[in-house]
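# Understanding the architecture of this molecule
So you can see what is in the structure, the chains are spelled out below.
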Amino acid sequence: MPEELKIKDLHFSKFINSDKIQTAIKEIAYLINRDYKDKNPLFLVILNGAFMFASDLLKCVEIPCEVSFVKLKSYHKTESSGVIKKLIGIEHDLSNKDIIIVEDIVDSGRTINDVLPQINSLNPKSIKIATLLYKPMSIEHEVDLAFIGFEIPDAFVVGYGLDYDGLGRNLQDIYQLSEK
Ligand code: IMP
């Protein structure tokens with residue numbers, strides 16, 4: 001994969017290569033296999049961004065588990081409340097289940113902050129979050145992240161599921177916006 005690339009009007013340079021991503025994923029899977037040894041967790045994968053992370057993570061999960069794919073739909077509740085992200089596509093009964101939310105990136109924390117009460121209202125036994133990327137400098141809402149692949153600086157990234165204007169999700173490495 002190239003060291004530099006251009007998507008539409010923006011230039012990106014390679015930031016985290018595929019080998020490093022796979023190593024971080026194996027470490028997360030190790031922790032999940034250990035912590036959920038006698039449980040049958042349900043992975044709730046947030047599409048679209050988490051599809052590649054979830055696919056590689058789940059190949060390393062060796063305990064019995066279920067997987068469900070959900071999406072977020074943005075809508076304006078009231079003029080003043082801003083955009084709320086509503087979880088759609090939950091087909092599983094979450095009651096009494098150990099849920100592991102699979103996210104691509106936690107940036108401001110707003111998305112997870114919107115999603116957690118919606119999952120909580122479905123009476124799961126426990127909820128933990130696994131995110132491939134976390135931008136601690138951008139966080140606006142306190143979130144408890146159980147499994148983190150990489151803490152990264154506050155700069156826009158694409159690749160490995162993450163997009164810029166719909167493009168770049170297919171890249172096997174992660175690229176960061178460059179100054180050019
Ligand atoms: P948050 O609500 O600010 O935590 O952002 C979470 C969502 O914003 C992620 O699931 C991504 O879809 C998107 N996002 C945040 N930062 C980036 C980025 O650097 N690149 C691509 N998408 C991002």
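Residues numbered from 1 in each chain as written. Predicted model: local features only at pLDDT ≥ 70, side-chain atom pairs only at ≥ 80, totals over all residues. Heavy atoms only, no water.

### Regarding the pairing of strand β1 (residues 4-7)
Taking every second residue as pointing to the same face, the buried face of β1 carries L5 and I7, while none of E4 and K6 on the other face is buried. As judged from the 4 bridges shared by β1 and strand β2 (residues 10-16), these two strands associate in the antiparallel manner. Within β2, the position partnered with K6 by the bridge is H11. (Buried < 20%, exposed > 50% of the residue type's maximum accessible area, 1.4 Å probe, protein only. Helix = DSSP H or I, 4+ residues; strand = E, 2+ residues; numbered from the N terminus. Pairing = 2+ DSSP bridges.)

### Considering the nonpolar core
Note that soluble globular proteins tend to have their nonpolar side chains buried in a common cluster. Judged by nonpolar contacts, the single largest core of 31 residues is most densely connected at I32, L57, L132 and L133. Only α1 (18-35), β3 (42-46), α2 (51-59), β6 (98-106), β7 (126-134) and β8 (147-151) provide two or more residues apiece to this core. Once residues lying within four places of it in the same chain are set aside, the contact partners of L132 are I21, I25, F53, E103, D104, I148, G149, F150, Y160 and I174. V70, L87, I99 and I112 belong to the second largest nonpolar core, which has 16 residues in total. (Core = buried A, V, L, I, M, F, W, Y, C linked by side-chain atoms within 4.5 Å. Contact = heavy atoms within 4.5 Å.)

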